[in-house]
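# A look at the structure
Chain by chain, the residues run as shown.
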Amino acid sequence: TSAATDEWRELNMRWFEYATFLPLMRVHGQAPVREIWQFGGDTSPAYAAMLKFDRLRYRLLPYVYSLAGAVTQRAGTILRPLVMDFRTDATARAVVDQYMFGPAFLVAPVTTYKATTRSVYLPSTAGGWYLFWTGAAAAGGATVSAPAPFDAMPVYVRAGSIVPLGPELQYTGEKPADPITLYVYAGADGSFTLYEDQGTTNDYEKGSFSEIPLQWSDASKTLKIGARQGTFTGMLASRTFQIVRVAAGKAVGYPSTTTADKTVTYTGT
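Reading the values: rules and limits
- Residues numbered from 1 in each chain as written.
- Predicted model: local features only at pLDDT ≥ 70, side-chain atom pairs only at ≥ 80, totals over all residues.
- Heavy atoms only, no water.
- Pairing = 2+ DSSP bridges.
- Helix = DSSP H or I, 4+ residues; strand = E, 2+ residues; numbered from the N terminus.
- Buried < 20%, exposed > 50% of the residue type's maximum accessible area, 1.4 Å probe, protein only.
- Polar contact = N/O pair within 3.5 Å; in protein donor to acceptor, adjacent residues only side chain to side chain.
- Salt bridge = Lys/Arg side-chain N within 4 Å of Asp/Glu carboxyl O.
- Expected span 1.5 Å × (residues − 1).
- Contact = heavy atoms within 4.5 Å.

### Concerning the sheet that holds strand S3 (residues 105–107)
Across the sheet, six strands lie side by side as S1-S2-S3-S8-S5-S6; this open sheet has antiparallel pairing. Of all strands in the sheet, those bounded by a partner on one side alone are strand S1 (79–80) and strand S6 (137–138).

Given below as structure tokens:
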């Protein structure tokens, strides 16, 4: 029926949104058809929502790949239940339908048909949280009614986070990850390690990779891009970082046409 088709279309679209914040996404197959152009075509809101998340996923590759590098090099994790980051928060320990995607993102999937909001618990943390889509600040230690429109599931970013986004891509090896935009979410100190390697070989197992440490001091409003450690075949000798600060009273959402607060050329020191 038409109603059943609409529900199937929306729930598949919601899965596509959810899968953007997972380490592995596989949406193609044989039956039922599920490539994004099957969901109504260019004029369909479902297609537009999937395309928006697909583009976001490619821009997030520097962040996602750095998480994968941390798993391999330092026994890190990509998906984390809230209890792993907020052990002393009794409410967070009981939440079972939200998770952290790396150190920055709190993801709250939407699984109810036609839902336009959902209840989200924001754990207590220094500096609070920011709604990823708008940059609006939100306090921690509280449950909020988060907007969940057709094209945006609730995603919050923890204060102190440094999130690297690369250029828009059609496929992973289309062009170098340059420039990289560093979104710095003010309100707390923070750090992140940007990991890179050759990308199509196992040379990283032999130590062929690089790491660039990033540190944010909230008191001095200073981002330090540290000396690069390591090297690999094809590594960019020089690159551009565009820094965007998000703060209470300085909301920057995604996507955004905001001009970078500062642009720097980085050569490894």
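Continuing now.
### Remarks on the side chain of serine 44
You can see serine 44 is positioned in the loop between helix H1 (2–20) and helix H2 (45–59). On the basis of relative accessible area, serine 44 is assigned to the buried category, the value being 9%. Within the structure, serine 44 has its side chain in polar contact with the backbone nitrogen of alanine 46 (distance 3.1 Å).

### Here's the deal with the pattern of salt bridges
A complete count under the given rule lists eight salt bridges for this structure. A salt bridge links aspartate 151 to lysine 52, with the nearest nitrogen and oxygen atoms 3.6 Å apart. Pair noted here: aspartate 151 is in the loop between strand S7 (142–147) and strand S8 (155–158) and lysine 52 is in helix H2, with a separation of 99 residues, a long-range link. Glutamate 211 serves as the salt-bridge partner of arginine 74, at 2.6 Å between the closest nitrogen and oxygen. In this pair, arginine 74 is assigned in helix H3 (residues 61–74) and glutamate 211 in strand S12 (residues 209–217), connecting sequence segments 137 residues apart.

### Here we look at H3
In this model H3 runs 19 Å from its N-terminal to its C-terminal C-alpha over 14 residues, within 8% of the 20 Å that 1.5 Å per residue would give. Close packing links the buried residues of H3 with H2, strand S2 (99–101), S3, strand S9 (162–165), strand S10 (180–185) and strand S11 (190–197). The first or second residue beyond H3 is alanine 75, which carries a positive phi of 55°.

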